[in-house]
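So you can see what is in the structure, the chains are spelled out below.
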Amino acid sequence: MTDSQASQVANSDSSSEEVAANMDKENVVLRVDDLVKSFGALVATDHATFEVERGTITGLIGPNGAGKSTLFNLISGFYESDAGRVEVNGTDVTDMEPYDIADHGLIRTFQTPRKLEGMTVREAMLVGPREQPGESFIKLFTDPESVRQREQQNLDDAEQILEDFEIDHLATQPATKISGGQLKLVELARAMLAEPEILLLDEPAAGVNPTLRNKLAEQIRRLNEQGTTFLLIEHDMEFVMSLADPVIVLDRGHVLMEGTPDEVQNDERVIDAYLGG
Amino acid sequence: MSVREIADDPKAYWSGLTRAEQGVSGFIIGFVVLLVGGLFTGILAPTYFLFLVGLAGMYSLLSLGLNVQWGYTGLINFSVAAFFGIGAYGTALASASSSPIAGNLAPVVGLLVALALAAILALLIGIPTLRLRADYLAIASIGLAEVVRIIILNEEQVTNGSSGVRGIPAFFDGWPLLETFPQTMPNIAVSWLPGGTVVLRQPFWSALLNVVVVVSFIAASYFVLRRAHRSPWGRVLRTIRSDEDLARALGKNTYRYKMQAFVLGSLIMALAGVFYAHLNLFVAPGDLDPITTFYVWVAVMLGGSGSNRGALFGGFVIVAIREGTRFLNAFEFIPFDIAPLRLLLIGVIIVLLMRFRPQGVLPPQRELIWPSVVDDAPEQPDSGVRGAKAGENDD
C-alpha cells in the first residue's frame, strides 16, 4: 500500500500545481478551472482543472466514483459548483442554467438514454434544433409561415442525419420502442441537430451491442472530422482508447493525468487508481 | 379531416380511424340517438337538454385547460376549481347588479377581468413553484384552491361572502339583436312529437344562446390548442413532461415554457368559469368546492392525457354520469337510490380505466408535426403516459 499512498501524495501535489492536465492548448473550446463540488463530506469534484482543444475527441476516464458524471453535471449546469470556473469559448458559464450553457454551444447527452413518451423517432429528433420560431407561442399565430418553413427544414435535416446514421428506417417508429443502442444513436443524432460546438457524451457505448458500438464510434469520428469537438466519458477502454486523443484521467475528483491513449495505458498512477486505492 | 372528406368517402374515412376512434365514434352516435329519442318522446325537456349541453361544454373547457397543464406539460394542478371560481367571480363582480365593487359593466368587460385575474393568479402561484419539481406545484395548488375559496367566502365587502353574487346578466346582455333574441323569438309549438306537444318558449331560446356561447368558447380554445399541440412549442412541452432535464440540456428554458402552459391552461379554465356565471346567473363560494377539480381530473384521465379530443370527450362523459345517474332512479326495479352513488361509480370507472386502459379512451393517436410539413403521418400505437418524471434520476 505504500505505493498507492505515495501516489496519493503525488496527486495532491500535482493538483495544487495544476500540472496534471495539459493547459497549453492553443484553441480551447472548454476550460475547466479549479472546479470543486462536495456533497456533505464527500468531495466529488476536487479542484479539477483541464482544457478541451477544438477539433479533438477528448476522453474522460476514471474508476467508478471518480466523479466523472458529477463533473459533467457541473460543466453543463445541472449542478451548482462550490468553487471554480467553467468557460465555453472564452465565456464564463459557471453556474449558468443548462439552457444558457447550451446556447453557448455546449450540448450534453445522458448516461441512461432518455425516452420521449408518445413521440416517434423523427418527432423526438425535432426537439433538437435550437431557437425554432415555432417554439414561440405568439409566432404560431402571427407568423405561421416561418414556423412551417423552419419545421420543414428541420424535418429534412432530421431525416438526413438519420440517413447518415443509417437509422432512417426508424424515423416513424415510436421513440420508446427502439433498442437501447438505437436510442443512443438517436440521442447523438438529436444532439447534433442542436449544432453544438462541443458535445459532451456520457458513456455513449454503455449497454450497446458491439455492432452498434462500432457504428457509434464511426459516427463520432465522422462528426469530429466535420468539425464537432467531443468530450466523452467512457468505461469501455477499448472504445475510448481507439477513439479519443488525448485522454484525461480522473481520480477522486481531480485530474490525475492527461496524455495519449498509449501514455495513459502505461502510466503507473493510472493503473494504481484503477486497481488499488 | 374535413367534413367534405367524410361526405366524399365515408367508408374510407371510417377505416382510416383507429380502433379507439371507431369505438368512441360509435359510442357518440349511440348516445346521440339515445338523447334524440329522449327528446322526441318527451322524457327529456328541450330546455333542460340544452342546459346539460352547456354544462358538458363547461366541463370540456375545464378539461381542455387541465389538459394543457397536465396532458401536455405534466404539471399537476389541483386548483382547477380555484381558476374556475376566479373566472366566475371575475365576470360576476364586474357585471352583476349586486356586485359590491364594480357592477353593471358589460359581460365582455367581465370576461376580460376574469381572464386577467386568472392570469395574475397563475403567475403568482407559478413563479415560486414552477422552478421546483412537479410535486411542489401539486402541493401548492391544493393549498391555493382552499385559500381562494376561503378568501371569497370571508371577504364580504368585496365578494358578498356566503350570500354570493346575484343579478348577473346573460352573456349577450348589451349586444345588438342577440340581447333581445329570446324575447323576440316566437313561441313555437312542436306538436308532431309522440310525447305530446312541446312549446319552445323564451327559456329555450336563452338556453340556446348559452350553448352558442360555450360552443364558441370551446371552438376558440380548441383552435388555439390544436395548433399549439402540433407545433414545436407543444413538442417542447411534451419533452418537458417526459424528461425535463433533456429539454434543458437541449437549450430550452423549461421554466418559461411551463409558465406559458400553466397560464394558458388557467385562462381556459377561467373561460369555463365565465360561462358558468352567465349560465347560472348566480355564483356562490360553494361553486369553488374541490369536487369540481376532482371531476375535471377524471375527465382528462378518462379522455386520455395529452389529447384535446379526449378532454372534450371526457367533459361530456362526466356530465353524462353526473346527470345521467338522476334518471336511473326512474327505473323502479332498482331497489336503492342510485344518484348518491355516482361518486362510487366514478371511482369504479377510474379503477377499471387504470387497470385496462391507463392511457385513456382517446390518447393522442398521431404524430404531432406541423400540418402540411408531413403528409404521411403514421399511426402511433397507444403508449402509456405514466413514465419516469424529470428530476428523479439525474445521473
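Residues numbered from 1 in each chain as written. Chains lettered and ligands numbered in written order. Predicted model: local features only at pLDDT ≥ 70, side-chain atom pairs only at ≥ 80, totals over all residues. Heavy atoms only, no water.

A. Here's a closer look at a negative patch on the surface. All names here are of chain A. Together, Glu163, Asp164, Glu166, Asp168 and Glu218 line one region of the surface with negative charge. Relative to the elements of secondary structure, Glu163 occurs in helix H6 (residues 144-164). Overall, the relative accessible area of 46% leaves Glu163 in the partly exposed class. (Patch = residues over 30% accessible without salt bridge, like charges linked within 9 Å, V, L, I, M, F, W, Y side chains within 5 Å. Areas by Shrake-Rupley, 256 points an atom, 1.4 Å probe, with all protein chains shown as cover. Salt bridge = Lys/Arg side-chain N within 4 Å of Asp/Glu carboxyl O. Lys, Arg positive; Asp, Glu negative; His and termini not counted. Charge placed at Lys NZ, Arg CZ, Asp CG, Glu CD. Helix = DSSP H or I, 4+ residues; strand = E, 2+ residues; numbered from the N terminus. Buried < 20%, exposed > 50% of the residue type's maximum accessible area, 1.4 Å probe, protein only.)

B. Local environment of the pattern of salt bridges. Residues and elements named next belong to chain A. Under the definition given, this model contains 20 salt bridges over all chains. Where Asp236 meets Arg213, a salt bridge forms, and the shortest distance between an N and an O atom there is 2.6 Å. Of the two residues, Asp236 is situated in the loop between strand E8 (229-233) and helix H9 (237-243) and Arg213 in helix H8 (residues 210-225); the sequence distance between them amounts to 23 residues. On the accessibility criterion, Arg213 (24% relative accessible area) is partly exposed. Three or more residues are tied together by salt bridges with common partners; here these are Arg31, Glu51, Arg85, Glu87 and Asp92.

C. The sheet that holds E8(A), seen in detail. Residues and elements named next belong to chain A. Read across the open sheet, the six strands follow the order E6-E7-E8-E3-E9-E10; overall the sheet is mixed. What marks the edges here is a single partner per strand, and that holds for strand E6 (106-108) and strand E10 (254-259). Each strand of the sheet is rotated relative to its neighbour by a mean of 20°, with strand direction disregarded. Where strand E3 (residues 57-61) and E8 come together, four bridges link them in parallel fashion. Note that in E8 the partner of Gly59 across the bridge is Leu232. Packed onto the sheet, helix H7 (residues 180-193) meets E6, strand E7 (198-202) and E8 and runs at close to 160° relative to E7. (Pairing = 2+ DSSP bridges. Axes fitted to C-alpha atoms, helices over the stretch in contact; angles between N-to-C directions. Contact = heavy atoms within 4.5 Å.)

D. Quick look at the sheet that holds strand E5 (residues 91-92) of chain A. All names here are of chain A. Spatially, the four strands line up as an open sheet ordered E2-E1-E4-E5, and their pairing is antiparallel. Each end of this open sheet is capped by a strand with a single partner; those strands are strand E2 (42-53) and E5. The sheet contact formed by strand E1 (residues 28-39) and E2 spans eight bridges and is antiparallel. Within E2, the residue paired with Arg31 across the bridge is Glu51.

E. Spatial organisation of the interface of chain B and chain A. The interface of chain B with chain A comprises 45 residues on the first partner and 46 residues on the second. For the pair chain B and chain A, the summed buried area comes to about 4000 Å², and 57% of that belongs to carbon and sulfur atoms. Between the two partners, chain B and chain A, sit four salt bridges. In this structure, B:Arg248 and A:Glu97 form a salt bridge, with 3.4 Å as the shortest nitrogen-oxygen distance. (Buried area = accessible area lost by both parts, 1.4 Å probe.)

F. Region of interest: the packing of helix H5 (residues 80-95) of chain B against helix H6 (residues 107-129) of chain B. Residue and element names in this part refer to chain B. Closest axis-to-axis distance for the H5/H6 pair is 7 Å, and the angle between their directions is 140°. You can see that H5 and H6 cross each other, and the crossing is right-handed. On H6, the residues touching Phe83, Ile86, Gly87, Gly90, Thr91, Ala94 and Ser95 of H5 are Pro107, Gly110, Leu111, Val113, Ala114, Leu117, Ala118, Leu121, Ala122 and Ile125. Of the residues contributing to the contact of H5 with H6, the split by class is twelve nonpolar, five polar and no charged. (Left-handed = near helix turned anticlockwise from the far one by under 90°. Nonpolar A, V, L, I, M, F, W, Y, C, P; charged D, E, K, R; others polar.)

G. Quick look at helix H7 (residues 134-154) of chain B. Residues and elements named next belong to chain B. In this model, H7 (21 residues) spans 31 Å end to end at C-alpha, consistent with the 30 Å of a helix rising 1.5 Å per residue. When H7 is considered as a whole, its buried residues turn out to be Leu137, Ala138, Ser141, Leu144, Ala145, Val148, Arg149 and Ile152. Taken around the axis of H7, the buried residues stretch over an arc of 120°, which confines them to a single face. Tucked into the core, H7 has its buried residues touching H5, H6, helix H8 (156-159) and helix H13 (254-280). (Expected span 1.5 Å × (residues − 1). Arc of directions from axis to C-beta.)

H. Summary view of the packing of aromatic side chains. According to the stated counting rule, one finds 17 aromatic pairs over all chains in the structure shown. When the centroid spacing of 5.7 Å and the interplanar angle of 80° are considered together, the rings of A:Phe78 and A:Phe110 count as edge-to-face. Linking A:Phe78 in the loop between helix H2 (68-75) and strand E4 (83-88) with A:Phe110 in the loop between E6 and helix H4 (121-125), this pair joins segments that are 32 residues apart in sequence. Judged by its relative accessible area of 1%, A:Phe110 falls in the buried class. Both rings, one in B:Phe27 and one in B:Phe31, keep their centres 6.1 Å apart while their planes meet at 10°; by these two values the pair is stacked. Highlighted residues: B:Phe27 and B:Phe31, both in helix H3 (residues 19-41), separated by four residues, approximately one helical turn. Judged by relative accessible area, B:Phe27 falls into the partly exposed class, the value being 45%. Overall, the relative accessible area of 33% leaves B:Phe31 in the partly exposed class. (Phe/Tyr/Trp six-rings, centres within 6.5 Å; stacked < 30°, edge-to-face > 60°.)

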